[in-house]
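An overview of the molecular structure
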Amino acid sequence: MNIRPIDVKILYPKSTEVSQVVLGEQQKENMLRHINSQKNQAKVDEDLRRVREKDNVSEIRLTQKQEREKQELKKSKKQQKGFDIRI
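What you see is a predicted model, and the numbers here were worked out from it, not measured in a lab. (Residues numbered from 1 in each chain as written. Predicted model: local features only at pLDDT ≥ 70, side-chain atom pairs only at ≥ 80, totals over all residues. Heavy atoms only, no water.)

Moving on, we come to the overall build of the protein chain. For the protein chain, the count of helices and strands is one helix and zero strands. Counting all 87 residues of the protein chain, 0% fall into the buried class. (Helix = DSSP H or I, 4+ residues; strand = E, 2+ residues; numbered from the N terminus. Buried < 20%, exposed > 50% of the residue type's maximum accessible area, 1.4 Å probe, protein only.)

Scanning the entire structure with this criterion turns up five salt bridges. Taking the shortest distance from any N to any O, the salt bridge between Glu29 and Arg33 comes out at 3.7 Å. One end of the pair is Glu29 and the other is Arg33, both in helix H1 (residues 5–82) and four residues apart, which spans about a single turn. Judged by its relative accessible area of 52%, Arg33 is exposed. The partner of Arg49 in a salt bridge is Glu46, with the nearest N and O atoms 2.2 Å apart. Of the two residues, Arg49 and Glu46 both sit in helix H1, three residues apart, roughly one turn of that helix. Among the residues examined, Glu46 registers a relative accessible area of 29% and is labelled partly exposed. (Salt bridge = Lys/Arg side-chain N within 4 Å of Asp/Glu carboxyl O.)

Before going further, it helps to examine a nonpolar patch on the surface. A cluster of nonpolar side chains, namely Met31, Leu32 and Ile35, defines an oily patch on the protein surface of about 290 Å² accessible area. Here Met31 shows up in helix H1. Residue class for Met31 comes out exposed when judged on its relative accessible area of 54%. (Patch = residues over 30% accessible without salt bridge, like charges linked within 9 Å, V, L, I, M, F, W, Y side chains within 5 Å. Areas by Shrake-Rupley, 256 points an atom, 1.4 Å probe, with all protein chains shown as cover.)

These results come straight from atomic positions and should not be treated as a statement about function.
Have a look at this one:
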């Protein structure tokens, strides 16, 4: 099949239209991937923040528990001093 000059005049504009449509589709897919990656990154950041908050809460609880144990130890020492009987 031979291509005549008239066919080339008709096909060339059609090929640019097709390439624009394909480029538009590729850009749309790239934007969707970018948006999804941003959403995933935001979710990961939020999950990481929650984990760090839980770690901080557990550290606070541990320090509070240690402080209570120290206070109880001091109280028990004071009570033991009161019962010192000398002969």
